[in-house]
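# What the coordinates show
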Amino acid sequence: MTVIDIPGSKSVTARALFLAAAAEGTTTLLRPLVSDDTEGFAEGLTALGYAVRREPDAWHIEGRPAGPGVETADVYCRDGATTARFLPTLAAAGHGTYRFDASAQMRRRPLGPLSTALRDLGVDLRHGEKDGHHPLSVHAAGVKGGALTLDAGQSSQYLTALLMLGPLTAEGLDITVTDLVSEPYVEITLAMMRSFGAEVTREGRTYRVAPTGYRARTYGIEPDASTAGYFFAAAALEPGRSVTVPGLGTGALQGDLAFVDVLRRMGADVEITDTGTTVRSTGTLRGLTVNMRDISDTMPTLAAIAPFADGPVRIEDVANTRVKECDRLDACAENLRRLGITVETGPDWIEIHPGTPAGPVEIATHGDHRIVMSFAVTALRTPGITFDDPGCVKKTFPDFHRVFDAFARTP
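Nothing here was measured: the structure is a model prediction, and the numbers come from that model.

### Thoughts on the overall build of the protein
Helix and strand counts for the protein stand at 13 helices and 24 strands. Relative to its length of 411 residues, the protein is compact, with a C-alpha radius of gyration of 21 Å against a globular reference of 22 Å. Judged by the C-alpha coordinates and their principal axes, the protein covers about 60 × 40 × 40 Å. Residues counted as buried form 60% of the 411 residues belonging to the protein. Entry remark: accessible area of the protein is about 14600 Å², with carbon and sulfur atoms responsible for 47%.

See the structure below:
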């Protein structure tokens, strides 16, 4: 059995940075993810006047409940969607003028529903070029609060940003959601908000957030479930393999751990305990039809091992993967076809037929870390796979190639 120590969760680290910055007192984050996304978030906080002190396994953030510590700032969000969506929302609770921009990749990703919601709350938010996209500026004067309606069918991050804003408003927020994707990520948000002292309830499609503010604390970051998925998939794929990820067990916040349930349906042996999760190959991968709306970040991981199943693998209700770092549905289909696999796609689905992927093939990554890490799993059974941009894994797991190569060489 191979034991893999997975870096901290990107989703949890980003939320913890927001909450720590908003809290009264100094928060210590233990084992935060160190990657391009999270470092960009921390640098954004520093640009906004928050004190962030980083040690190898602990980051210390001095909270500012009144908002940014400077009256003007320019913040570059890099490729980070959480940075690009959360930091303008955090800044809106303060007083000053704050300008935000991002990479060309992030500029393409939508922001419109969040921008509209903030404007509905009275925030003076202006887009610099294309409405609903970066760059943008926030002319902040605090947020009174109130009731609003939100469409979070493209991204749950819109809802998360507004929920986390709620305790910083004067009167609290009532958010009624008309559509919602990746709901388990919202559950992460609610649990973490409560651990920092927030009061938030849900009645049907309406979330009610009281204007409590936040309290600083010491907070441990659990391993990243999406990243663990590549190792779980590899263990399910390779006969005789097993892998255990400690720190990611029955009490885990992240919904993406449910990916192992998909692997179980395909024939893998899965054990989840209080202390970790283990996946073992049984030598068989069965085809299946699966709705991955709630765990769509793991869609490319399943697509990458789907050709080795004994029947078609159909993944449904993943339209939102078309507006990630790239159009992941098309990217997966494109690369599988280049490997000789029969693939069909629709607006929100992909169906992959059994086959033997054949190299040599250079995978078109489209600068997307998840495409690289997913097809690294395919490469375990397909000699000759290379990547046009292997370094884009720095977004969430800079050391991925070394760790995965060591795993692949371990009997």
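### Brief notes about the nonpolar core
Judged by nonpolar contacts, the single largest core of 74 residues is most densely connected at Phe 100, Leu 159, Leu 162, Leu 163 and Tyr 214. Counting 67 residues, the second-largest nonpolar core is a separate cluster that includes Phe 308, Ile 315, Val 393 and Phe 397.

### Structural notes on the sheet that holds strand β1 (residues 2-3)
Pairing in this open sheet of four strands is mixed, and the strands run β1-β16-β18-β17 from one edge to the other. On the outer flanks of this sheet lie β1 and β17 (269-272), each paired with one strand and no other. The pairing of β17 with strand β18 (residues 276-280) spans four bridges and is antiparallel. In the sheet register, Val 270 faces β18, and the bridge partner there is Val 279. Sheet contacts for helix α8 (residues 225-237): β16 (242-246) and β18; angle to β16, the most-contacted strand, approximately 160 degrees.

### Remarks on the pattern of salt bridges
In this structure the tally under the stated criterion is 30 salt bridges. For Arg 322, the salt bridge is made with Asp 330, and the minimal N-O distance between the two is 3.1 Å. The partly exposed category is assigned to Arg 322, whose relative accessible area is 24%. Salt-bridge contacts for Arg 328 lead to Glu 325; the nearest nitrogen and oxygen are separated by 2.6 Å. Each of Lys 10, Asp 37, Arg 109, Asp 297, Lys 324, Glu 325, Arg 328, Asp 368 and Lys 395 takes part in salt bridges that share partners, so that together they form one network.

### Considerations on the state of the cysteines
Counted according to the given criterion, the structure contains zero disulfides. Cys 392 supplies the cysteine sulfur nearest to Cys 77, a cysteine that is in no disulfide, at a spacing of 19 Å. Cys 326 carries a free sulfur, and the closest cysteine sulfur to it, the one in Cys 332, is 7.6 Å from it. A residue is classified by how much of its surface remains accessible, and Cys 326, at 11% relative accessible area, is buried.

### Side note on helix α7 (residues 183-195)
Here α7 is 13 residues long and its end C-alpha atoms lie 19 Å apart, about the 18 Å a rise of 1.5 Å per residue gives. Just past α7, the residue Gly 197 takes up positive phi, approximately 100 degrees.

### Considering the packing of helix α12 (residues 369-378) against helix α13 (residues 400-409)
In the contact formed by α12 and α13, the axes pass within 12 Å of each other and the chain directions differ by 15 degrees. The angle between α12 and α13 places the two elements in the roughly parallel class. Handedness of the α12/α13 crossing: right-handed. Only Phe 400, His 401 and Phe 404 of α13 make contact with α12, whose side of the interface consists of Val 372, Met 373, Ala 376 and Val 377.

### So, the side chain of Thr 160
Within the secondary structure, Thr 160 is located in helix α6 (residues 156-165). For Thr 160, a relative accessible area of 0% corresponds to the buried category. Polar contacts involving the side chain of Thr 160 include one to the side chain of Thr 189, which spans 2.6 Å. Thr 160 has contacts with Arg 15, Phe 86, Tyr 185, Val 186 and Thr 189, leaving out every residue within four places of it along the chain.

Basis of the calculations
- Residues numbered from 1 in each chain as written.
- Predicted model: local features only at pLDDT ≥ 70, side-chain atom pairs only at ≥ 80, totals over all residues.
- Heavy atoms only, no water.
- Helix = DSSP H or I, 4+ residues; strand = E, 2+ residues; numbered from the N terminus.
- Rg over C-alpha atoms; globule rule 2.2 N^0.38 Å.
- Buried < 20%, exposed > 50% of the residue type's maximum accessible area, 1.4 Å probe, protein only.
- Areas by Shrake-Rupley, 256 points an atom, 1.4 Å probe, with all protein chains shown as cover.
- Core = buried A, V, L, I, M, F, W, Y, C linked by side-chain atoms within 4.5 Å.
- Pairing = 2+ DSSP bridges.
- Contact = heavy atoms within 4.5 Å.
- Axes fitted to C-alpha atoms, helices over the stretch in contact; angles between N-to-C directions.
- Salt bridge = Lys/Arg side-chain N within 4 Å of Asp/Glu carboxyl O.
- Disulfide = S-S within 2.5 Å.
- Expected span 1.5 Å × (residues − 1).
- Parallel < 35°, antiparallel > 145°, perpendicular 65-115°, else oblique.
- Left-handed = near helix turned anticlockwise from the far one by under 90°.
- Polar contact = N/O pair within 3.5 Å; in protein donor to acceptor, adjacent residues only side chain to side chain.

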